[in-house]
Amino acid sequence: MAVPAAIDKVKIIVVGDSGVGKTSLVQRICLNEASTNPGWTIGCSVEVKLHEYKVGTPVEKTFFVELWDVGGSTSHQNSRSIFYNPVHGMILVHDLTNRKSHQNLGKWLAEVLNRDTYIEPNGYNYDPEQFAGTQIPILVVGTKADLAQTLRESSFSRSSVAEESGADEINLDCHQIKCLAPGSTNAVNLSRFFDKVIERRYYSREVLSGHSTPTQERRRFLKNNHID
Ligand SMILES: Nc1nc2c(ncn2[C@@H]2O[C@H](COP(=O)(O)OP(=O)(O)OP(=O)(O)O)[C@@H](O)[C@H]2O)c(=O)[nH]1
């Protein structure tokens with residue numbers, strides 16, 4: 001009897017302020033449900049999803065996608081770094097009704113990448129360099145679309161964080177069963193993001209050829225310093 005091949009996996013960190021909806025989002029993605037009262041996440045909770053990489057193409061392959069839902073409470077800030085290595089992808093979550101939670105995404109990115117946060121005089125605390133410097137695929141997710149009065153605006157203008165990082169972006173209502181319905185724009189964007197994470201982890205030129213370009217050297221430096 002043929003032994004089934006082991007399924008490769010990628011690890012995606014899900015971060016953002018406490019209460020923005022990380023657990024609800026992860027439950028929606030992995031279980032297609034979202035409790036209305038999930039409770040605070042203490043430490044970290046991990047859910048797994050089977051993902052078909054490049055579905056419908058000759059290179060289609062099944063992967064496990066691990067979503068590491070990291071509790072956003074400031075009181076656990078010092079101990080969270082143990083969850084951040086390695087990281088193959090990052091989902092930055094903000095609440096569309098809470099502008100501060102969007103402004104804080106730069107702080108979350110800096111925390112995961114283990115870099116200092118640049119604070120502008122106006123308090124808008126992210127440094128575009130931080131976004132430009134990372135090769136880790138990023139998805140920016142705005143939750144509570146059902147409550148956001150400015151949704152019309154936010155759905156048409158890209159968030160500045162997504163802009164600076166070249167990240168993909170989706171806005172949704174985690175309680176809405178159809179928010180990630182197969183074939184919907186959100187589902188397609190999410191699937192593309194997972195493909196990107198897998199591609200970077202398993203199919204990048206560096207991994208396949210064994211040769212290094214300066215960019216790859218830089219990536220290796222980041223990796224060796226636990227930034228990647
Ligand atoms: N209306 C609405 N409520 C939401 C949505 N997403 C999450 N919520 C609610 O927001 C509250 C917080 O959600 P959680 O998923 O626990 O937030 P979290 O980011 O995991 O919070 P921590 O565990 O403290 O880091 C819960 O009451 C959710 O039901 C959404 O899209 N729309």
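Residues numbered from 1 in each chain as written. Predicted model: local features only at pLDDT ≥ 70, side-chain atom pairs only at ≥ 80, totals over all residues.

Trainee: Looking at this structure, how should I read the sheet that holds strand β2 (residues 44-53)?
Mentor: The pairing of strands in a sheet comes from backbone hydrogen bonds and takes either a parallel or an antiparallel form. Spatially, β2-β3-β1-β4-β5-β6 is the arrangement adopted by the six strands of the open sheet, whose pairing is mixed. The open sheet has two free edges, formed respectively by β2 and β6 (168-171), since each of these has just one partner strand. Neighbouring strand axes in the sheet, compared pairwise and without regard to direction, differ in orientation by 25° on average. Packing against the sheet, helix α1 (residues 22-31) makes contact with β1 (9-15), β2, β3 (61-70), β4 (89-95) and β5 (138-143), and its axis sits at approximately 160° to β3. Of the strands in this sheet, β1, β2, β3, β4, β5 and β6 are in contact with helix α7 (residues 185-202), which crosses β6 at around 150°. (Pairing = 2+ DSSP bridges. Helix = DSSP H or I, 4+ residues; strand = E, 2+ residues; numbered from the N terminus. Axes fitted to C-alpha atoms, helices over the stretch in contact; angles between N-to-C directions. Contact = placed C-beta atoms within 7 Å.)

Trainee: What is the right way to read the site of the ligand from this model?
Mentor: Lining the immediate environment of the ligand, one finds 23 residues, of which S18, G21, T23, T41 and G72 sit closest. The element that contributes the greatest number of residues to the shell around the ligand is α1, accounting for three residues. For the shell around the ligand, the class distribution of residues is five nonpolar, 14 polar and four charged. (Near = placed C-beta within 6 Å. Nonpolar A, V, L, I, M, F, W, Y, C, P; charged D, E, K, R; others polar.)

Trainee: Mind showing me how you'd approach unusual backbone geometry here?
Mentor: The phi angle of most residues is negative, glycine excepted, and most peptide bonds adopt the trans form. Each neighbour pair has its own omega, and for N85 with P86 the value is 0°, a cis peptide bond. Locating P86 in the fold gives a position in the loop between β3 and β4. A positive phi angle, close to 45°, is found at K54, a residue other than glycine. Inspection of the secondary structure assignment puts K54 in the loop between β2 and β3. We note that K144 has phi near 65°; this positive angle belongs to a residue other than glycine. When you line up the elements, K144 lands in the loop between β5 and α5 (151-156). Overall, K144 belongs to the buried group, with 22 C-beta atoms counted inside 10 Å. (Buried ≥ 20, exposed ≤ 12 C-beta atoms within 10 Å, placed from the backbone.)

Trainee: Sorry, what's going on with the pairing of β5 here?
Mentor: Strand residues, when the strand is regular, have side chains that alternate between the two faces of the sheet. Counted residue by residue, β5 has six buried out of six residues, so it is predominantly covered. Neither face of β5 is exposed, since I138, V140 and G142 on one face and L139, V141 and T143 on the opposite face are all buried. One ladder, built from six bridges, connects β4 with β5; its direction is parallel. Within β5, the position partnered with L92 by the bridge is V140.

Trainee: Can you walk me through the pairing of β4 in this structure?
Mentor: Of all the seven residues making up β4, seven are buried; the element is thus mostly covered by neighbouring parts of the structure. Along β4, one buried face is formed by G89, I91, V93 and D95 and the opposite face, lined by M90, L92 and H94, is buried too. Both β1 and β4 contribute to a ladder of four bridges, which runs parallel. Each residue of the ladder has a partner; that of I13, found in β4, is M90.

From the geometry alone we can't say anything about function, so treat these as descriptive.
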